[in-house]
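Structure at a glance
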Amino acid sequence: MDTHKPREKNENVVLQIENASFFYQESGIRSWVLQNVNLTTRASEICAIVGPSGCGKTTLIKLAISLLPLSDGTVKLFGRDAGDPSVGIPGPNVGYMPQEDALPSDLRVRDSLYFFGLLNNMSIGEIRKRMGEVLEQVDLIENSGKFIFQLSGGMKRRLSLAIALLHSPQLLILDEPTVGCDPVLRSRIWKVLRQISSENRTSIVITTHYIEECRFADTINFMRDKTFAVQSRPNQILSIAGTSNLDEAFLRICFHREQSQSSSTDDKYRKLLDVKTNHRHEHQGSPIAEHDYEPIKVSKLSAFSQLRIIFVLILRYLHAFAFDFAAVQLVIFMPTMISLLVHFCLTPRVLGVPVAIIIENQTMYRDQALFDWLAIKPKCFECLHPRHFDEYINHEVIQTIPYDNLDKAMNDLKATKIAGVLYIGDQFSEHYISRVTIHWTELPEGAARNTKMQFYADASKSYVFRALESYLLDAYRKYWEASKINLGMKNGSLFPFEFEDPVIGQKKEELNIKSYFTDTGVFVCNGFCAGFLIGGLLMLSELRDKTMKRCLSTGLKTYHLFAAQTITNGMLIGTSLVGTMGMVIYLLELPLQISAIPAAMLVILQVLTAVILGQLVAAALLSEIAILIIGVSTSYPILALVGSAFAIEAQPYYIQTFSHFLPLTIPTMGIRSALLRGFSFTKLLIIQSFAVSLFYLLLFSLITLSILHKRVHN
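Summarised in this report is the structure supplied together with it. Computed from a predicted structure; not experimentally measured.

**Focus on a nonpolar patch on the surface**
Taken together, the side chains of Phe-311, Leu-315 and Leu-318 define a hydrophobic patch exposed on the protein surface, amounting to about 280 Å² of accessible area. If you trace the backbone, Leu-318 turns up in helix H9 (residues 303-323). Take Leu-318: its relative accessible area is 37%, and that puts it in the partly exposed class.

**Notes on the sheet that holds strand E7 (residues 171-175)**
Taken together, the 6 strands give an open sheet; going across it, the order is E6-E7-E8-E3-E9-E10, and neighbouring strands pair in mixed fashion. With partners counted over all chains shown, the strands left at the sheet margins are strand E6 (94-97) and strand E10 (227-232), one partner each. Averaged over neighbouring strand pairs, the angle between their axes works out to 15 degrees when direction is ignored. Looking at chain direction, strand E3 (residues 46-50) and strand E8 (residues 203-208) are connected through 5 bridges and run parallel. When the sheet's bridge partners are listed, Cys-47 is paired in E8 with Val-205. Helix H4 (residues 153-165) contacts E6 and E7 of the sheet and is inclined by roughly 165 degrees relative to E6. In this fold helix H5 (residues 183-199) packs onto E3, E7 and E8, with an angle of close to 155 degrees to the strand it touches most, E8.

**A short note on the side chain of Gln-606**
Counting through the fold element by element, Gln-606 comes out in helix H19 (residues 596-621). Its relative accessible area of 2% is what places Gln-606 among the buried residues. With residues near it in sequence (within four places) discarded, Gln-606 still touches Val-524, Phe-528, Pro-663, Leu-664, Pro-667 and Ser-693.

**Comments concerning unusual backbone geometry**
Excluding glycine, a negative phi dihedral is what most residues carry, and trans is how most peptide bonds are arranged. The residue after Ile-89, namely Pro-90, is reached through a cis peptide bond having omega -5 degrees. Mapped onto the fold, Pro-90 is located in the loop between strand E5 (80-81) and E6. One non-glycine residue, Asn-19, adopts positive backbone phi at about 50 degrees. Note that Asn-19 resides in strand E1 (residues 13-26). Looking at Asn-19, the relative accessible area reads 41%, which means it is partly exposed. Of note, Leu-622 is a non-glycine position whose phi angle comes to about 50 degrees, a positive value. Here Leu-622 lies in the loop between H19 and helix H20 (624-633).

**Observations regarding the sheet that holds E1**
Pairing is antiparallel in the open sheet, where 4 strands are placed in the order E2-E1-E4-E5. This sheet does not close on itself; its edge strands, each paired only once, are strand E2 (29-42) and E5. Lying over the sheet, helix H1 (residues 57-64) contacts E1, E2 and strand E4 (72-77), oriented at roughly 120 degrees with respect to E1.

Analysis parameters
Residues numbered from 1 in each chain as written. Predicted model: local features only at pLDDT ≥ 70, side-chain atom pairs only at ≥ 80, totals over all residues. Heavy atoms only, no water. Patch = residues over 30% accessible without salt bridge, like charges linked within 9 Å, V, L, I, M, F, W, Y side chains within 5 Å. Areas by Shrake-Rupley, 256 points an atom, 1.4 Å probe, with all protein chains shown as cover. Salt bridge = Lys/Arg side-chain N within 4 Å of Asp/Glu carboxyl O. Helix = DSSP H or I, 4+ residues; strand = E, 2+ residues; numbered from the N terminus. Buried < 20%, exposed > 50% of the residue type's maximum accessible area, 1.4 Å probe, protein only. Pairing = 2+ DSSP bridges. Axes fitted to C-alpha atoms, helices over the stretch in contact; angles between N-to-C directions. Contact = heavy atoms within 4.5 Å.

Structure (structure tokens):
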């Protein structure tokens, strides 16, 4: 017995499927899922699709809302071809409830409604107004503050239904909404469906394998052997099948061949086949005129709406990061900590290195005739004494230890008790004025040699040796500048300071070059590897997340997902590394010629490129192990090839050529020049760095989007 009055035949059509077919192709072999399927649903109608698991129900409803491409046939929505942007499907004109819960477990119930409501182009006010209504309909009003992971299975099914109902769509697609629900909950869900179909003129398509509950639907479509075996109203099927039980009617239809020995049974089955034919003629006997289609309430999404979707996804990812403390550590703190450790451990700055300082008896000779001839008036003659040199040494780095004679100091140096010896001979002060005021060639050879400060070092520890050279040179520069002021001079001659050959180890020419940064390539390579790993792993996680699949029904496109992930991950890691760079510069007091803006922008561009490359690998390989192996195994070769571990000029020419084609090499040079030389946007190297970064950014983006589109819609 039918439990509701029949629908009028002239109700407007919402969904019309004609001769739809779909197949998967593997190894050149077609595997048909659907063949020649026909279906028509109308406003205010509940259409039930019934069949065993794996018969193609889910595939059919995905075809209906353009989540899968048709292999053959046509699908029309509101009289227009499926996929037409003006229809709003996928988009806010359809409510889709997948078979899985597909809910973001880290959100609260009300937050999940906000998330899906915003994706469906609802305003905050509209969401608040509808939220109470739908939560009351599904009896979740008291649980709105709970996290989704705290809900029971039945509560999750009800929340999933509430999300589909929230934006009051004209077409509602429910894939087995009552699976796993107890009879009371199933009855409640059907009551809600009957209410919204009649009050809102909503067309509802529901799939289920609970056949008996379909007596509450307007039409039942029995699916068997890749198509519909019977399509009709519940009371007609029960009447012709001669039973009051829909389960039994379904068995008689689907398994008639097992009873083919009885001619009476065959006749009865032919009548059941006529039910399918008569029902189709009832709705499709004459062409459907344009005015017979339900009017569309939504139009094509604007460009602002597209940006809105990306913004909502970014907020979603930021919330996920904040909720998952381990992810925050991975994305923000780990790259920062690695960079800090690398630079604190590998920069020329070291702490408390013992250095012997020997200042032999010095007598400052005030040669007034020389002063008069040079027209200088010393402001503080005693301040020129070499004992003041110790005041300009950075004692956090160098611990100066006074020694009485050079031989003892050299013995301790060889015994590795100290790391260096600074020697100032007894004639330094005597000839100092002449040395800095007259060109050194005018001094006698012996005097010129004896006016130098001499430094002997242990070069077996290259970074310590490099630090001592660097900071002693800094100290002497300050001492020399102070000496000019004390002499009342504006200009002076060469610095009387000489680094002698190391007592232990071998001096390398490159160690003479002062470097306040270990190498900017360490920053870039660290950020690149972090961006690759994090971008790849998070994209892989998103591809496997059923929530993302559900979001496709809201109009979410591949480029929305790609842009949101790239912006979120890239900006988090990029700004983290830029902040780390500034922290290192500040903490180590590095006197750089900084052009900060181009350097920071290039770092962020490199991180964005790495994130996209990681997404490309994730979409192509779908393997965490592959992402980790590629990311870790290429980090050290990249560090060497871009000139961080080894100078590019020292590489063979064919490796140099290859290195220059890497996305990191030229931008690393640009960052180094911006920090160490103060290069601005107008310099050719900076322009080349931006050009290379943007080229690879665009190239990887296009490839990633192409592969990602296939994965998302597979």
